Amino acid sequence: MDKIVPAPKSLKVVGGEKTAGRATDDGDGPIAPVADRPSRAEAEEAVRTLIKWAGDDPAREGLIDTPARVVRSYEEFFEGYAACPRDILERTFEETDGYDEIVLLRDIRFESHCEHHMAPIIGKAHVAYLPHRRIVGISKLARLVEVFARRLQIQEKLTAQIANTIDRVLEPKGVAVVIEAAHQCMTTRGVHKPGVVMVTSRMLGAFRDDPSTRREFLAIVGNLSSNGTPLS
Ligand SMILES: [Zn+2]
């Protein structure tokens, strides 16, 4: 149960070797444990400091257990550091009976945190690939989204990492990832613009090069967005 509390300045990516001619984004392995990872007590003390910084008294009754709760929440928010995204896709099925059409998992809800403000990012991912020999259990695609989301992120990187990992591990004919998300660093602070949804996409292989495959995917996702469930 060695969960990794993020400490960005000393993070190091394990593995994530680059493959010539294919995706080259890093981050598809587990993040190495930081050498100077603070103890739980130190992490709780840091929360006490932030409570004082906000102007309140961490010793008062209502706040006394808050540091412990916050640290436990952080274990959940950031459990993606301890997982290996590549391993999730490792178990594949080769018996596809010749199925070679788009596999699309839509509306994968996720919760992440922006790496600039550590504020929540709430969104949906649509993940598609065009199989080439191997397919993967669809729940694995959702799990992949979750592992990358449970790290400090920016949406662009999250989108690229999901697509690149599928590309690298499954070696499909193509991958497409579209993410729609609301960033609470924009809605609850800063410019205060609720209702703004950021959309990012990454297309690889046939989704990038073959206009009809791309059109087919965008038509499905386009329909989704118009009648999809609203982001909270
Ligand atoms: Zn932010």
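Given the structure is predicted, the values throughout are model-derived calculations rather than measurements. (Residues numbered from 1 in each chain as written. Predicted model: local features only at pLDDT ≥ 70, side-chain atom pairs only at ≥ 80, totals over all residues.)

1. Structural notes on the confidence of the model for the protein
Reasoning step 1: In this model, the protein carries a mean pLDDT of 85, and residues with pLDDT of at least 70 account for 82%.
Reasoning step 2: When the criterion is pLDDT under 50, residues 1-25 qualifies, and its contacts beyond four places in sequence or with other chains add up to 50 contacts. (pLDDT = per-residue confidence, 0-100. Contact = placed C-beta atoms within 7 Å.)

2. Quick notes on the nonpolar core
General note: in soluble globular proteins, nonpolar side chains tend to be found buried as a group.
Reasoning step 1: In terms of nonpolar packing, the biggest core is built from 36 residues, with Val-145, Ile-162 and Val-177 touching the most fellow members.
Reasoning step 2: For this core, the secondary-structure elements that each account for two or more residues are β2 (103-114), β3 (120-130), α4 (138-149), α5 (155-170), β6 (174-183) and α7 (206-209). (Core = buried A, V, L, I, M, F, W, Y, C linked by C-beta atoms within 7 Å. Buried ≥ 20, exposed ≤ 12 C-beta atoms within 10 Å, placed from the backbone. Helix = DSSP H or I, 4+ residues; strand = E, 2+ residues; numbered from the N terminus.)

3. Looking at the packing of α4 against α5
Reasoning step 1: Following both chains from N to C, one finds α4 and α5 inclined at 140°, their axes separated by 10 Å at the closest point. The angle between the axes of α4 and α5 places the two elements in the oblique class. As for the relative orientation of α4 and α5, their crossing is right-handed in sense. Where α4 abuts α5, its residues Leu-144, Val-145, Phe-148 and Ala-149 lie against Leu-158, Gln-161, Ile-162 and Thr-165.
Reasoning step 2: Residue classes in the contact of α4 with α5 are distributed as six nonpolar, two polar and no charged. (Axes fitted to C-alpha atoms, helices over the stretch in contact; angles between N-to-C directions. Parallel < 35°, antiparallel > 145°, perpendicular 65-115°, else oblique. Left-handed = near helix turned anticlockwise from the far one by under 90°. Nonpolar A, V, L, I, M, F, W, Y, C, P; charged D, E, K, R; others polar.)

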